[in-house]
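Listed below, chain by chain, are the residues.
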Amino acid sequence: MKPPLEAPPEQVKAETGAKESSARSGSAPLIDTSKMSAGKAAALELAESSRDPLDERGSFASNLFIGRYDFDRIFPYPAQSDEDRAKGEGFLEKLKTYLRDHVDADEIDRTGEIPQKNIDDLFEMGAFGVKIPQQFGGLGLSQVNYGRAAMLLGSWDENLTALVSAHQSIGVAQPLLLFGTEEQKRKYLPRVARKEISAFALTEWNAGSDPANMSLRADPTDDGSAFIMNGEKLWCTNGVKAGVLVVMAKTPPKIVKGKERKQITAFIVDVDSPGLEITYRCHFMGLRALYNGVVKFTNVRVPRENMIAKEGQGLKVALTTLNTGRLTIPAACVGLSKRLLEICRKWAKERVQWGVPIGQHYAIAGKIAEMAGSIFAMEAMTFLTSALVDRKSGDLRIETAMCKMWATETTWRLADEAMQVRGGRGYETAQSLAGRGEEPIPVERFLRDCRINTIFEGSSEIMRLFVAREALDPHLKVGGAIFNTQLPTSERLKAVFTSGKFYVAWYPKQWLPGSAGELKGVQDDLRAHVHYASRTSKRLARGLFHAMTRFGPKLDREQLLLSRFVGIATELFAISATCSFAQYKIDRGEPAHEILSVANYFCRSAKMRIDHHFAGTSRNVDRAGFDLTQELLAGKHADLGEGIV
Ligand SMILES: Cc1cc2nc3c(=O)[nH]c(=O)nc-3n(C[C@H](O)[C@H](O)[C@H](O)COP(=O)(O)OP(=O)(O)OC[C@H]3O[C@@H](n4cnc5c(N)ncnc54)[C@H](O)[C@@H]3O)c2cc1C
């Protein structure tokens, strides 16, 4: 097993002088928090202390940032085994037929309510307990089968998708499967698998992207047998229908090495507990039947045995739950995007303007090709990552974050393009279309419904920061001590010397021609894309290193610059997954020319986006934009607000 940056871990540790594990324990973080505001430093230190120990070799996607391209980790494509597929087939077939014949998605959207019969039937079918082991009343299916269910749901009705997904991807089931005691699993998993909706309550008024800032309190009773909760949670999806919630709350701080450390703890809370009220049902642009609400806690007593993991590990429970939980969203995005493609390819053939079907106009053809290529890549990335989750292939946080960020942004763009392809009919509601005798194709509903995906379960901005932080991690391990003003000067000087020695060996390698190896059994076209990805990962590693030397410890403030590096790595991951997936499909006997045309299209378009990102790393208006915004926030440029109501 290779450590980051190709030096033995002991050497990295010894050479840097930085206590590698200290970042995890929070005693001397590698990121220098001493110059940050107290709030930011506390949030970062808390997040740091909640991180899982990294697999030293990193994952495929995280290694892209250090110029290491291990295609063999994702090739051959980790396809679903026949056995696993067979296990899910019966349920998935039933779900598909049920959605088509019994779920009226437009009616759900119009009324803002999901018929109870639909919910009951889905419980009966096991749709609320797909991943819950059979011994606890669930179907015991794999992540890939769960993803396939999300894809079916996403292609039909986003309200049901959100209900089912919030319930089991982040609701009670997932944190209990990861952290629950046997007793908790026995008590709650059968309930949530078969009869009760669950929800995940993290967000508050002042704690959105920064959950460490929460204020809901859980104070231990005098005898220590329970906690008393007071406060409010905002936007709790399913809260209005749920029987049981996972709630993250502030418990009394601990003193660690003389310093007060904030404690966040996770609890299972029964909704019928006295003092718990759903005080408001929220309504949104899309997902009009989302049972989302404000949950108020007034002296709610929660028994100690309902604590998930240990006191103080609540943020870790929440973040770890989200790490895999957020894979459901890209799977649903694949379904939704496939549906949009079906709508568009039919319409682009049928609709004739200026004497030809609109699909023969370049402007429309380009949009449809973009949809096809993106869907292929999205499916490749999402199901590759899901299969690796099933195989327990180490740390996949970067992959899941990339899938979530890329798929949700791409789907929003595709939905926007689908509306354009459908023209005025795209903007018209399904009900109105039906009212005047046209097919009720709900593009406007899909557009409204998919917008939230880039915001919840980790917004795109936060996903980029998260990936960037992980991208810098190996460098921080090697050279982070230089920038850490909390360390004694002697240690920092030592780090300059030792990390310098390290980079003398590492850096020149990033200029050597990259190769992904022989790539036996890979089609020529695909091989060229894979070699490109290998070469480009070295260019990415160099670019990131140059940025580190240029900005030093202030690099974390350069969010737009970092987002370009994250964008490049994400596109490289997409290209690599696409090539692996394409080869798998060809080997399986699917028509090679069709597979290659879509895979080639995607890889070529991804390369253009990569070029654009690289160009922005050397020439951009980031600083000017930041300064302009500060002027705007300070009340200058009043003219820009003139002439309006
Ligand atoms: C429909 C819906 C359902 C939801 N369901 C749930 C649920 O079931 N459970 C739950 O706990 N929460 C839920 N949420 C909350 C959701 O997860 C949050 O909206 C999300 O985390 C963002 O928080 P915020 O809205 O407070 O935005 P803020 O955190 O205020 O952010 C505003 C903007 O600033 C950006 N931003 C914030 N910090 C940074 C930074 N450091 N650097 C760069 N950009 C930054 C954000 O990306 C965003 O674009 C739901 C929200 C909605 C709207």
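Our subject is the structure listed above.
For the structure given in this document, a descriptive report is provided here.

Basis of the calculations
Residues numbered from 1 in each chain as written. Predicted model: local features only at pLDDT ≥ 70, side-chain atom pairs only at ≥ 80, totals over all residues. Heavy atoms only, no water. Near = heavy atom within 4 Å. Polar contact = N/O pair within 3.5 Å; in protein donor to acceptor, adjacent residues only side chain to side chain. Areas by Shrake-Rupley, 256 points an atom, 1.4 Å probe, with all protein chains shown as cover. Helix = DSSP H or I, 4+ residues; strand = E, 2+ residues; numbered from the N terminus. Nonpolar A, V, L, I, M, F, W, Y, C, P; charged D, E, K, R; others polar. Buried < 20%, exposed > 50% of the residue type's maximum accessible area, 1.4 Å probe, protein only. Contact = heavy atoms within 4.5 Å. Phe/Tyr/Trp six-rings, centres within 6.5 Å; stacked < 30°, edge-to-face > 60°. Axes fitted to C-alpha atoms, helices over the stretch in contact; angles between N-to-C directions. Parallel < 35°, antiparallel > 145°, perpendicular 65-115°, else oblique. Expected span 1.5 Å × (residues − 1). Core = buried A, V, L, I, M, F, W, Y, C linked by side-chain atoms within 4.5 Å.

This part is about the site of the ligand. Taken together, 21 residues lie near the ligand, and T203, S209, T237, S459 and E461 sit nearest. A distance of 2.6 Å is found between a nitrogen atom of the ligand and a side-chain nitrogen or oxygen belonging to T203. S459 places a side-chain nitrogen or oxygen 2.6 Å from an oxygen atom of the ligand. When the ligand sits alone it has 970 Å² of accessible area, and the protein chains cover 69% of it. For the shell around the ligand, the secondary-structure elements that each account for two or more residues are β1 (198-201), β3 (226-237) and α19 (460-483). Among the residues making up the shell around the ligand, the classes are represented as twelve nonpolar, seven polar and two charged.

Moving on, we get to helix α7 (residues 116-125). A turn of α-helix holds 3.6 residues, and therefore any two residues three or four places apart point the same way. Regarding α7, the residues found buried are N118, I119, D121, L122, F123 and M125. On its buried face, α7 sits against α5 (82-102), α6 (105-111), α9 (158-170) and α11 (182-194). Two residues or fewer after α7 comes G126, characterised by a positive phi angle close to 95 degrees.

Before going further, it helps to spend a moment on the packing of aromatic side chains. For the structure on display, the rule yields 16 aromatic pairs. Judged by centre distance (6.1 Å) and plane angle (5 degrees), the rings of Y69 and F71 are stacked. In this pair, the class of Y69 matches that of F71, namely buried. Centroid distance F581 to Y584: 6.4 Å. Interplanar angle 20 degrees. Geometry classified as stacked. On the criterion of helical spacing, the pair formed by F581 and Y584 is a turn pair, its members being three residues apart in helix α22 (residues 559-587). We classify F581 as buried; its relative accessible area is 7%. When its relative accessible area of 21% is taken as the criterion, Y584 is described as partly exposed. The rings of F60, Y69, F71, F75 and F573 are connected pair by pair, giving a single aromatic cluster.

Once that is clear, we can look at the packing of helix α14 (residues 362-390) against helix α23 (residues 592-618). Closest axis-to-axis distance for the α14/α23 pair is 8 Å, and the angle between their directions is 95 degrees. The orientation of α14 relative to α23 falls into the category roughly perpendicular. In contact with G366, A369, E370, A372, G373, S374, F376 and A377 of α14, α23 contributes I595, V598, A599, Y601, F602, S605 and R609. Its residues assigned to classes, the contact of α14 with α23 shows nine nonpolar, four polar and two charged.

A word on helix α12 (residues 314-325). Across its twelve residues, α12 extends 16 Å between first and last C-alpha, which sits within 8% of the 16 Å expected from 1.5 Å per residue. In terms of burial, α12 is largely enclosed, as ten of its twelve residues are buried. Among all positions in α12, only G314, L315, V317, A318, T320, T321, L322, N323, T324 and G325 are buried.

Once that is clear, we can look at the nonpolar core. Ranked by size, the top nonpolar core spans 100 residues in total, and within it F573 and I575 carry the most contacts. Sequence-distant contacts of I575, defined by excluding residues within four places in its chain, comprise H529, Y532, A533, F602, C603, A606, K607 and I610.

Attention shifts here to the environment of F128. Counting through the fold element by element, F128 comes out in the loop between α7 and α8 (143-154). The buried category is assigned to F128, whose relative accessible area is 0%. Each C-alpha atom, one on F128 and one on S605, is 38 Å from the other, the two residues being 477 residues apart in sequence. Those residues in contact with F128 that sit more than four places away from it in its chain are I119, L122, F123, L163, V164, H167, Q168, V192, A193 and I197.

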